[in-house]
Each structure stands twice: as C-alpha cells, then as structure tokens.
Amino acid sequence: MTDESQPPTDNKLTRSKQRWAREGKFLTGKVVRPEAQRLPPGQHLTRDWPVLDLGQSPNISRERWRLDVYGAVDQPIFWTFEQFLAQPQTQFVSDIHCVTTWSRYDNQWNGLATRDLLAACRPRESARFVVLHSHDGYTTNLSLEDFAAEDALLAHSWSGQPLEQEHGGPVRLVVPHLYFWKSAKWLQRIEFLNQDAPGFWEVRGYHNRGDPWAEQRYSGD
Ligand SMILES: Nc1nc2c(c(=O)[nH]1)N[C@H]1C(S)=C(S)[C@@H](COP(=O)(O)O)O[C@H]1N2
Ligand SMILES: [Mo]
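What you see is a predicted model, and the numbers here were worked out from it, not measured in a lab.

Caption draft 1: Molecular detail of the overall build of the protein. Per the secondary structure count, the protein includes four helices and 11 strands. Counting over 221 residues, the protein shows a buried share of 30%. Taking the contacts inside the protein whose residues are at least 6 apart along the sequence as the reference set, 67% of them involve residues at least 24 apart.

Okay, here's the thing in structure tokens:
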C-alpha cells in the first residue's frame, strides 16, 4: 500500500516544475496593468523606434566587447561576450517610455536578467546604488532596488535579432519601469556604490529616479 497522505515529491512532473520555478520558466517579465492604464500620463504611442543618444554611436563588435562589474561587490566580474552569453538567458516583453513623451509597446528582449547578474556579482551589504558607464561616455544612476526590478535585463537581442548598434548593441540595459534614459546603451561598466552618484542627464536637470507613472521627468517635478 502506498501512503496517500504524502504528496508525490519525486515524480518527473514535480521535478520539472521545480526546475522551471528555479529557472523562472514562463515568466514573461510583463507587469500586469489594465490596458486603459498602460500608457503613462503625458505619453503618446509610437510604432517606430526613435534613436536618441548623445550622437557618438560607438562601434563595438561582440568580439571586442567586455563587461566590467566592480565596486561594492564580493565577486567582481570581467566577461567577454561569450562568457556573458553563457549566463542564464531570459526573455522579457516590455514597454518603452521615453521622457520626450513617446512610448513603444511590446518590445521583446533577450539577455541576462539583472537579478541573475546580482546573483553572480553579489553586491555587498553596503551597496545601495548602481552607475552604468557606457562606451560613449554616458552614465546613468539607479538605486539597487530599481536595478534589481524583476523585468530589468542586460539585453543583447531585440525581436529575436542582435541589438542594433544604433539602439545600443552589443549590450544595453533595459529598465522598463523607469523612463528610457535610465536604460544605458553600449554598456561597458557597472559600478556598485554605497552612495548615489547622479549620471549624465541627472546632473543636467532630469529627475534622479524617473518614474513615468509619477511623471518624474525633471528634477523640479
Ligand atoms: N550610452 C547611452 N545610453 C543612452 C543614451 C545615450 O546618449 N548614451 N540616451 C538615453 C536616452 S535619453 C534614451 S531616450 C534612450 C534611447 O534609446 P534608443 O535610441 O534605443 O531609443 O537611450 C538612453 N541610453
Ligand atoms: Mo530620452
């Protein structure tokens, strides 16, 4: 006789489901919001994808690209693109909200979830902020919580294709719940800090956090 009071914990389906839970399978990365509230205040929808940056558009091949993760972390990282690709891969679909008032729905991204990056570099207890440094000299700052958002990732692909240079390839950050200036293109270095360090636009009048739902566009807002 089998003991029917014990749930089956060692059958194949249970083991698969446990593995899926560990791997986050079926996570879409989509924040559920009623359709009527999907567009943040003051935004309009666009179907194309505008290019916005400082005008440098650095040309970094995947072969030359490196990712340097340093500062208040227990495990500094220096990855080639190949090593970066060997990390857990995630696919998220999310909306873009640019401070210049355009929004673009349903962007499909592939890459490394920031949560998996955090698991690899292990920020110290003291770490509170993250600064992204890009190949065009651009910087932007985030709190560790915003960086760790469940739908944030270091993206190498968009719509199933390698991220184009003009949109920040080989690798850009994507933080869907904040205005798009926080999503650094041509990512080069990720620095963990105990204190905040406002980035390029943040010292030029943009809001330090940039929540589109609260219309945190400029620092006086
Ligand atoms: N490295 C870098 N990242 C950047 C910028 C930049 O000038 N340099 N501009 C930011 C701004 S203001 C916006 S709106 C988005 C634009 O991204 P896109 O050109 O892919 O639309 O990138 C953000 N990330
Ligand atoms: Mo922007």
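There's more to say after this.
Caption draft 2: Structural context of the environment of D211. Topologically, D211 is positioned in the segment after β11 (187-193). What makes D211 partly exposed here is the crowd of 16 C-beta atoms within 10 Å. Between the C-alpha atoms of D211 and P176, which are 35 residues apart in sequence, the distance is 9.8 Å. For D211, the contacting residues outside a window of four places in its chain are L178 and Q216.

Caption draft 3: Main features of the pairing of strand β4 (residues 90-97). Buried residues dominate β4, accounting for six of its eight residues. Between the end of β4 and the start of strand β5 (residues 102-113), which pair antiparallel, lie four residues, with T101 showing a positive phi angle near 85°.

Caption draft 4: Examining the site of ligand 1 more closely. What surrounds ligand 1 is a group of 18 residues, the closest being D53, S134, Y138, W181 and K185. Of the residues belonging to the shell around ligand 1, the class tally is 11 nonpolar, four polar and three charged.

Caption draft 5: Spotlight on unusual backbone geometry. Between G169 and P170 the backbone carries a cis peptide bond, its omega angle lying at 10°. Relative to the helices and strands, P170 resides in the loop between β9 (161-162) and β10 (172-174). Within the chain, S57 stands out as a residue other than glycine whose phi angle is a positive 40°. The residue R122 is not glycine, and still its phi comes out positive at about 50°. With respect to the helices, strands and loops of the structure, R122 is situated in the loop between α3 (114-121) and β6 (129-134). The exposure class of R122 is partly exposed, given the 13 C-beta atoms found within 10 Å.

Caption draft 6: Layout of the pairing of strand β8 (residues 153-158). Counting buried positions over the six residues of β8 gives five, a clear majority of the element. Where β5 lies against β8, five bridges are found, and the strand directions are antiparallel. Its bridge partner being in β8, G111 is matched across the sheet by A155. Looking at chain direction, β8 and β10 are connected through three bridges and run antiparallel. Of the residues in β10, the one forming a bridge with L154 is L173.

What counts as what
- Residues numbered from 1 in each chain as written.
- Chains lettered and ligands numbered in written order.
- Predicted model: local features only at pLDDT ≥ 70, side-chain atom pairs only at ≥ 80, totals over all residues.
- Helix = DSSP H or I, 4+ residues; strand = E, 2+ residues; numbered from the N terminus.
- Buried ≥ 20, exposed ≤ 12 C-beta atoms within 10 Å, placed from the backbone.
- Contact = placed C-beta atoms within 7 Å.
- Pairing = 2+ DSSP bridges.
- Near = placed C-beta within 6 Å.
- Nonpolar A, V, L, I, M, F, W, Y, C, P; charged D, E, K, R; others polar.

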